[in-house]
Amino acid sequence: MSHQGEWIANCMPDRVARISAASVFLLQVGPPKPNQMQRQEDLEGKGMVGLYRMGKKNEQEARAGQKSYLSESDFTPAPGVLRIFFDTTAT
């Protein structure tokens, strides 16, 4: 774990807001982190950034972010899938 938190993914800067909204974690942008097949210089040359987990959102904030993500998405999940995520009576 770095001083920025635990690295979870690399992405393009234009994806950060949507990924952050959908995540149950509080995320911070930092330098990208290469895997075994990548080089730092290549990631930086492509403009990639790293996402680092800084903690967890409270449930209300996480659900609001997920609803926002889904409302802005072209993906339309089946009603049964939505019930799993948003039905508070489900176990």
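Above: the structure in question.
Parameters and conventions
- Residues numbered from 1 in each chain as written.
- Predicted model: local features only at pLDDT ≥ 70, side-chain atom pairs only at ≥ 80, totals over all residues.
- Heavy atoms only, no water.
- Helix = DSSP H or I, 4+ residues; strand = E, 2+ residues; numbered from the N terminus.
- Expected span 1.5 Å × (residues − 1).
- Buried < 20%, exposed > 50% of the residue type's maximum accessible area, 1.4 Å probe, protein only.
- Arc of directions from axis to C-beta.
- Polar contact = N/O pair within 3.5 Å; in protein donor to acceptor, adjacent residues only side chain to side chain.
- Salt bridge = Lys/Arg side-chain N within 4 Å of Asp/Glu carboxyl O.
- Contact = heavy atoms within 4.5 Å.
- Pairing = 2+ DSSP bridges.
- Axes fitted to C-alpha atoms, helices over the stretch in contact; angles between N-to-C directions.

(A) Representation of helix α3 (residues 59-71). The end-to-end C-alpha separation of α3 is 18 Å, in line with the 18 Å expected for 13 residues at 1.5 Å each. Taken as a whole, α3 has its buried residues at Ala62, Gly65 and Gln66. The arc enclosing the buried residues of α3, seen along the axis, measures out at 100°, which places them on a common side. Exposed residues on α3 whose side chains face more than 90 degrees from its buried face are Gln60, Lys67 and Ser71. The N-cap residue of α3 is asparagine 58: its side-chain oxygen and the backbone nitrogen of glutamine 60 are 3.1 Å apart.

(B) Highlighting the pattern of salt bridges. Taken as a whole, this structure holds four salt bridges when the rule is applied. Between arginine 53 and glutamate 6 there is a salt bridge whose closest N-O contact spans 2.6 Å. Placement of arginine 53 in strand β3 (residues 49-56) and of glutamate 6 in strand β1 (residues 6-11) is noted, with a sequence separation of 47 residues between them. In this structure arginine 53 comes out as partly exposed when scored by relative accessible area, which is 24%. For glutamate 59, the salt bridge identified is with arginine 63, shortest N-O distance 3.3 Å. On the criterion of helical spacing, the pair formed by glutamate 59 and arginine 63 is a turn pair, its members being four residues apart in helix α3. Beyond isolated ion pairs, a larger network of salt bridges with shared partners links Arg39, Glu41 and Asp42.

(C) Region of interest: the side chain of glutamine 66. By secondary structure assignment, the location of glutamine 66 is in helix α3. Judged by its relative accessible area of 18%, glutamine 66 is buried. Residue contacts for glutamine 66: discarding those within four places in its chain leaves Ala21, Ala22, Val24 and Phe86.

(D) Fine view of the sheet that holds β3. A sheet is described by the order of its strands in space; here three strands give the open sequence β1-β3-β2, paired in antiparallel fashion. Both edges of this open sheet fall to β1 and β2 (25-30), since each of them pairs with a single strand only. Put simply, the sheet's adjacent strands are angled 35° from each other on average, direction ignored. Relative to β3, β1 is paired through five bridges, and the arrangement is antiparallel. In the sheet register, alanine 9 faces β3, and the bridge partner there is leucine 51.

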